Amino acid sequence: DAGITQSPRHKVTETGTPVTLRCHQTENHRYMYWYRQDPGHGLRLIHYSYGVKDTDKGEVSDGYSVSRSKTEDFLLTLESATSSQTSVYFCAISEIKGRREKLFFGSGTQLSVL
Amino acid sequence: RKEVEQDPGPFNVPEGATVAFNCTYSNSASQSFFWYRQDCRKEPKLLMSVYSSGNEDGRFTAQLNRASQYISLLIRDSKLSDSATYLCVVKDTGNQFYFGTGTSLTVIP
């Protein structure tokens, strides 16, 4: 357990509504990531953060924004949800020990956009 | 071209069998390599890192071939509890990790 909590675990929303997913970590890791997982695509990076207020885009960032105002929280926002954003969303932290770096994941959020 | 490619399977093997998965990656400068395990509707969990010299953890052996840009995972004496999807993960020289689509394994009694 890497101390990662995602909320909510499940969310059903309507097209056009804003949605915010939260990722909370308790171990002060610098790097945090948001991925989405869809059948046939594996996990794809949406955005990542390398520190407070420091974020960058990933492979599938269109339609998403992120914020990191505190080390422990990384928020993913869908400004106006679309059906194509129905997916499972995973937050991850990068644990760095010496030259070794590993990813650990939260439990995921199942988002359905109707 | 995908950064990481895996045979999706499915692999259906009897208990006690040995099964091997392969994965190829496209960026020759990739630095770190991993195998993750993902159970249905759960988050991926680190199974093992893959080191240049190869490494073993109990029934699991991982190998890296940098010249051919592939990674392998060998599972010996398969157990029912090994049934899962196995994800190949590669980290580049930056801050990004790339995932294969996963290989599905079902171990049959």
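To be clear, the structure that these remarks concern was listed above.
Residues numbered from 1 in each chain as written. Chains lettered and ligands numbered in written order. Predicted model: local features only at pLDDT ≥ 70, side-chain atom pairs only at ≥ 80, totals over all residues. Heavy atoms only, no water.

Enquirer: Please provide a residue-by-residue account of the overall build of chain B, values included.
Expert: Helix and strand content of chain B: zero helices and 11 strands. The order of helices and strands in chain B, counted from the N terminus, is β-β-β-β-β-β-β-β-β-β-β. With the C-alpha coordinates of chain B rotated into their principal frame, the extents come out at 40 × 30 × 20 Å. Looking at chain B as a whole, 46% of its 109 residues qualify as buried. The long-range share in chain B, meaning contacts at least 24 apart out of those at least 6 apart in sequence, stands at 56%. With the model as given, the accessible surface of chain B reaches about 5,200 Å², and the carbon-plus-sulfur share is 46%. (Helix = DSSP H or I, 4+ residues; strand = E, 2+ residues; numbered from the N terminus. Buried < 20%, exposed > 50% of the residue type's maximum accessible area, 1.4 Å probe, protein only. Contact = heavy atoms within 4.5 Å. Areas by Shrake-Rupley, 256 points an atom, 1.4 Å probe, with all protein chains shown as cover.)

Enquirer: Talk me through the interface of chain B and chain A; I want residue IDs and the actual numbers.
Expert: Across the boundary between the two partners, chain B contributes 18 residues, which contact 20 residues of chain A. Between chain B and chain A, roughly 1,700 Å² of surface is buried when both sides are summed, and carbon and sulfur atoms account for 57% of that area. Remark: the boundary between chain B and chain A carries one salt bridge. In this structure, Glu101 of chain A and Lys91 of chain B form a salt bridge, with 3.3 Å as the shortest nitrogen-oxygen distance. The interface formed by chain B and chain A contains three residue pairs in polar contact (both at pLDDT 80 or more). For the side of chain B that touches chain A, the elements supplying multiple residues, two or more each, are β4 (32–38), β5 (45–50), β9 (84–91) and β10 (97–99) of chain B. If one sorts the elements of the side of chain B that touches chain A by residue count, β4 of chain B sits on top with three residues. Looking at the side of chain B that touches chain A, its residues break down into eight nonpolar, six polar and four charged. (Buried area = accessible area lost by both parts, 1.4 Å probe. Salt bridge = Lys/Arg side-chain N within 4 Å of Asp/Glu carboxyl O. Polar contact = N/O pair within 3.5 Å; in protein donor to acceptor, adjacent residues only side chain to side chain. Nonpolar A, V, L, I, M, F, W, Y, C, P; charged D, E, K, R; others polar.)

Enquirer: So what's going on with the pairing of β5 of chain B? Which residues, and what values?
Expert: Residue and element names in this part refer to chain B. Across five bridges, β4 lies against β5 in antiparallel orientation. Note that in β5 the partner of Tyr36 across the bridge is Leu46. Between β4 and β5, which follow one another and run antiparallel, lie six residues, and Arg41 among them has a positive phi close to 65 degrees. (Pairing = 2+ DSSP bridges.)

Enquirer: Describe the nonpolar core, with residues and values.
Expert: Soluble, globular proteins show a tendency: their nonpolar side chains are buried together. Ranked by size, the top nonpolar core spans 23 residues in total, and within it Phe21, Trp35, Ile71, Leu73, Ile75, Tyr86 and Leu105 of chain B carry the most contacts. The set of elements that each furnish at least two residues to this core consists of β3 (19–25), β4, β5, β7 (60–65), β8 (70–75), β9 and β11 (103–108) of chain B. Excluding residues within four positions of it along the chain, Tyr86 of chain B makes contact with Gln6, Phe21, Trp35, Tyr36, Arg37, Leu47, Leu73, Ile75, Gly102, Thr103 and Leu105 of chain B. Counting residues in each nonpolar core, the second largest holds 19 residues, with Cys23, Met32, Leu76 and Cys91 of chain A among its members. (Core = buried A, V, L, I, M, F, W, Y, C linked by side-chain atoms within 4.5 Å.)

Enquirer: Give me the sheet that holds strand β3 (residues 19–25) of chain A: which residues, what numbers.
Expert: Residues and elements named next belong to chain A. In spatial order, the strands read β1-β3-β8-β7; together these four strands make up an open sheet with antiparallel pairing. The open sheet has two free edges, formed respectively by β1 (4–7) and β7 (64–70), since each of these has just one partner strand. Here the average twist between neighbouring strands, direction ignored, is 20 degrees. As defined by bridge partners, β3 adjoins strand β8 (residues 73–78) across six bridges and the pair is classed as antiparallel. Paired with His24 across the two strands is Asp73, which belongs to β8. (Axes fitted to C-alpha atoms, helices over the stretch in contact; angles between N-to-C directions.)

Enquirer: Any details on unusual backbone geometry? Residues and values, ideally.
Expert: Of note, the amide linkage connecting Ser7 of chain A to Pro8 of chain A takes the cis form, showing an omega dihedral of -10 degrees. Note that Pro8 of chain A resides in the loop between β1 and β2 (10–13). The phi dihedral of Gln69 of chain B is positive, around 60 degrees, even though this residue is not glycine. For Gln69 of chain B, the location among the structural elements is in the loop between β7 and β8. Given a relative accessible area of 19%, Gln69 of chain B falls into the buried group. One non-glycine residue, Asp77 of chain B, adopts positive backbone phi at about 50 degrees.

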